[in-house]
Amino acid sequence: MASFVISGCGLKPLPRIYPKPRSVQNSFSTSNLRISRPNQFSSSSIGINQKRNWGLGVSAPLRIQPLEEENEEFDPAAPPPFKLSDIKAAIPKHCWVKDPWRSVGYVVRDVVAVLGMAAAAAYFNSWIVWPLYWFAQSTMFWALFVLGHDCGHGSFSNNPKLNSVFGHFLHSSILVPYHGWRISHRTHHQNHGHVENDESWHPMPEKIYNSLDSMAKKLRFTLPFPMLAYPIYLWTRSPGKKGSHYHPDSDLFVPAERKDVITSTVCWTAMAALLVGLSFVMGPIQLLKLYGIPYLGFVAWLDTVTYLHHHGHEDKLPWYRGKEWSYLRGGLTTLDRDYGLINNIHHDIGTHVIHHLFPQIPHYNLIEATEAAKGVLGKYYREPKKSGPLPLHLLGDLVRSLKKDHYVSDTGDVVYYQTDPQLNGGQKS
């Protein structure tokens, strides 16, 4: 809102203090306040929802700022001055609407692409074609996973049975146990940013890190091995955790989920049996070229994208324990990433911050929802670096993170990654 005072000549604007509008913080000290008079007219501002009545000869309400805000550096570990409900209120209502026909349309698009590329590669059977096929098909396997991921979150449709049918079809086709993964991924979302309770790509406490032998450390932090870890994670989980995504009695699950886990394991086994049968029909080498190598490429896509959702920012981001952790604070440490031409192919999975906070929003509405929420998030939202046609710039972020982000302290409720100076030539931090 603009601010005015009464003068002898009528309404006269007060002199501008800041070059552009500033937002009001939800909490501040009354002992160090400063008046901020933005230079734009607006019918509302945070905490003020009052239209200008030009017929009244009174001054407008003033917007107030803490005096320190000008010079203080942003602390990403500071509790945010907004609530989850504030972010939700900023997102248009239509962004929450799920369109099952649209979701099924994406499945049809991706399945046709997968089958068409496989048929073309088998027809040409040329070593000029195969490398192109492997990259394209691994990307499409990753796209299938993302659609199954939407089924697991319930953002595919409002029908749980429809979500389950398509989730099993999509995930079983790429050797992922749908319900086993769905349940553990739910745990990840509910506990993200918590050192001990998070489920995937969480930091190792120093004690667990030191318990690993030198070979285990090398494999975990030296490319390409960390980007091929997903099948191992499905069988054994992460260091310091026990259980399997295939076993109904795993620590991952409660007794009521036993039937779901068995169903998904049976579907996974059926797909594995189908692949064995195909190896006898077309030969193991042909199956390796058509399915095996694209599968490994898909695993690399999955591990790389999910790792970079939570690591690799140029600034150190906090991890929490105890009373310092909250769903909102944990979710705000996630990162959006730009994948260039791949954004549309893998269903905008790089638009991750809003997805992590509100996983029920369909993927095709995430970009709009993110734009709407940026005004609330402020500096807690980190704009992703713009990508070229292919996201090659992210390789630098990945390599840098693997060299520096090794473990966190065993104590403390707000902790940051530390570096093992003896591993990968990293610098002590």
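Everything quoted here is computed from the prediction, not taken from an experiment. (Residues numbered from 1 in each chain as written. Predicted model: local features only at pLDDT ≥ 70, side-chain atom pairs only at ≥ 80, totals over all residues. Heavy atoms only, no water.)

## As for the overall build of the protein chain
No. 1: For the protein chain, the helix and strand inventory stands at 15 helices and six strands.
No. 2: Burial status across the protein chain gives 48% buried among its 429 residues.
No. 3: Within the protein chain, residue pairs in contact and separated by at least 24 positions form 70% of the contacts whose partners lie at least 6 positions apart.
No. 4: Of the accessible surface of the protein chain, which amounts to about 21600 Å², a share of 62% is contributed by carbon and sulfur atoms. (Helix = DSSP H or I, 4+ residues; strand = E, 2+ residues; numbered from the N terminus. Buried < 20%, exposed > 50% of the residue type's maximum accessible area, 1.4 Å probe, protein only. Contact = heavy atoms within 4.5 Å. Areas by Shrake-Rupley, 256 points an atom, 1.4 Å probe, with all protein chains shown as cover.)

## Let's talk about the packing of aromatic side chains
No. 1: Overall, the coordinates contain 26 aromatic pairs when judged by the stated rule.
No. 2: Measuring from centroid to centroid gives 5.4 Å for Phe 145 and Trp 181, while their planes differ by 75°, and the two rings are edge-to-face. Taken together, the positions of Phe 145 in helix α3 (residues 129-153) and Trp 181 in helix α5 (residues 178-191) put the pair 36 residues apart, joining distant regions of the chain.
No. 3: Ring geometry for Trp 235 against Trp 268: centres 6.0 Å apart, planes inclined by 90°, an arrangement best described as edge-to-face. Linking Trp 235 in helix α8 (residues 230-236) with Trp 268 in helix α9 (residues 258-282), this pair joins segments that are 33 residues apart in sequence.
No. 4: Of the residues examined, Trp 235 reaches a relative accessible area of 46% and is grouped as partly exposed.
No. 5: According to the relative accessible area criterion, Trp 268 is buried, its value standing at 18%.
No. 6: Pairwise contacts between aromatic rings join Phe 141, Trp 142, Phe 145, Trp 181, Tyr 230, Tyr 233, Tyr 291, Tyr 295 and Phe 298 into one cluster.
No. 7: One Lys or Arg, Lys 88, reaches over the ring of Trp 96 and ends 5.5 Å from the middle of that ring. (Phe/Tyr/Trp six-rings, centres within 6.5 Å; stacked < 30°, edge-to-face > 60°. Lys NZ or Arg CZ within 6 Å of the ring centre and 35° of its normal.)

## Structural notes on a nonpolar patch on the surface
No. 1: A surface patch of nonpolar side chains, about 410 Å² in accessible area, is lined by Phe 135, Leu 390, Leu 392 and Leu 395.
No. 2: In this fold, Leu 390 is placed in the loop between α14 (366-377) and α15 (393-404).
No. 3: Note on Leu 390: relative accessible area 41%, which makes it partly exposed. (Patch = residues over 30% accessible without salt bridge, like charges linked within 9 Å, V, L, I, M, F, W, Y side chains within 5 Å. Salt bridge = Lys/Arg side-chain N within 4 Å of Asp/Glu carboxyl O.)

## Some details on the environment of His 202
No. 1: By secondary structure assignment, the location of His 202 is in the loop between α5 and α6 (206-211).
No. 2: Look at His 202 and you get buried, because its relative accessible area is 6%.
No. 3: Between the C-alpha atoms of His 202 and Tyr 407, which are 205 residues apart in sequence, the distance is 9.5 Å.

## Observations concerning the packing of α3 against helix α10 (residues 284-308)
Packed helices, taken two at a time, are described by their axes: the angle between them and the distance between them.
No. 1: As a packed pair, α3 and α10 sit with axes 7 Å apart at the nearest point and diverge in direction by 55°. As far as their axial angle goes, α10 and α3 are oblique. In this structure, α3 crosses over α10, and the sense of that crossing is right-handed. For the pair formed by α3 and α10, the contact residues are Trp 130, Tyr 133, Trp 134, Phe 135, Gln 137, Ser 138, Thr 139, Phe 141, Trp 142 and Phe 145 on the first element and Gln 286, Lys 289, Leu 290, Tyr 291, Ile 293, Pro 294, Tyr 295, Gly 297, Phe 298, Trp 301, Leu 302 and Val 305 on the second.
No. 2: Split by residue class, the contact of α3 with α10 holds 16 nonpolar, five polar and one charged. (Axes fitted to C-alpha atoms, helices over the stretch in contact; angles between N-to-C directions. Parallel < 35°, antiparallel > 145°, perpendicular 65-115°, else oblique. Left-handed = near helix turned anticlockwise from the far one by under 90°. Nonpolar A, V, L, I, M, F, W, Y, C, P; charged D, E, K, R; others polar.)

## A few points about the UniProt feature "transmembrane region" (unreviewed entry) in the protein chain
No. 1: The UniProt feature table records "transmembrane region" (unreviewed entry) at residues 106-124 and 261-281.
No. 2: The distance separating the terminal C-alpha atoms of residues 106-124 is 27 Å; by composition the span is 100% helix and 0% strand.
No. 3: Split by type, residues 261-281 is 100% helix and 0% strand. Its first and last C-alpha atoms lie 30 Å apart. (UniProt positions renumbered as here; feature names shortened; annotations may be inferred.)

## Thoughts on the pattern of salt bridges
No. 1: Evaluated as defined, the whole model comprises twelve salt bridges.
No. 2: Here Glu 196 and Arg 321 are joined by a salt bridge, their closest N and O atoms 2.9 Å apart. Pair noted here: Glu 196 is in the loop between α5 and α6 and Arg 321 is in the loop between β5 (319-320) and α11 (327-331), with a separation of 125 residues, a long-range link.
No. 3: A residue is classified by how much of its surface remains accessible, and Glu 196, at 34% relative accessible area, is partly exposed.
No. 4: Residue classification places Arg 321 among the buried residues on the basis of a relative accessible area of 7%.
No. 5: The partner of Glu 324 in a salt bridge is Arg 329, and the shortest N-O contact between them spans 2.8 Å.
No. 6: Classification of Glu 324 by relative accessible area gives partly exposed; the value is 31%.
No. 7: Arg 329 sits in the buried class, given a relative accessible area of 10%.

## Notes on the nonpolar core
No. 1: Trp 142, Phe 145, Tyr 230, Tyr 291 and Phe 298 are the most contacted members of the largest nonpolar core, which has 51 residues in total.
No. 2: Sorting the residues of this core by element identifies α2 (100-124), α3, α4 (160-172), α5, α8, α9, α10 and α15 as the ones contributing at least two each.
No. 3: Broken down by element, this core gets its largest block of residues, ten residues, from α10.
No. 4: With near-sequence residues (within four places) excluded, Trp 142 lies in contact with Phe 298, Trp 301, Leu 302, Val 305, His 346 and Ile 349.
No. 5: Grouped together as the second largest cluster of nonpolar side chains are 18 residues, Ile 91, Leu 328, Phe 358 and Tyr 380 included. (Core = buried A, V, L, I, M, F, W, Y, C linked by side-chain atoms within 4.5 Å.)

## Observations regarding the environment of His 245
No. 1: As for its placement among the helices and strands, His 245 is situated in the loop between α8 and α9.
No. 2: A sequence separation of 16 residues divides His 245 from Val 261, and the C-alpha atoms of the two residues are 7.8 Å apart.
No. 3: In this view, His 245 contacts Pro 177, Gly 180, Trp 181, Ser 184, Tyr 233, Leu 234, Arg 237, Leu 252, Phe 253 and Val 261; residues no more than four positions away in its chain are not counted.
No. 4: Of the polar contacts made by the side chain of His 245, one reaches the side chain of Ser 184; its length is 2.8 Å. (Polar contact = N/O pair within 3.5 Å; in protein donor to acceptor, adjacent residues only side chain to side chain.)

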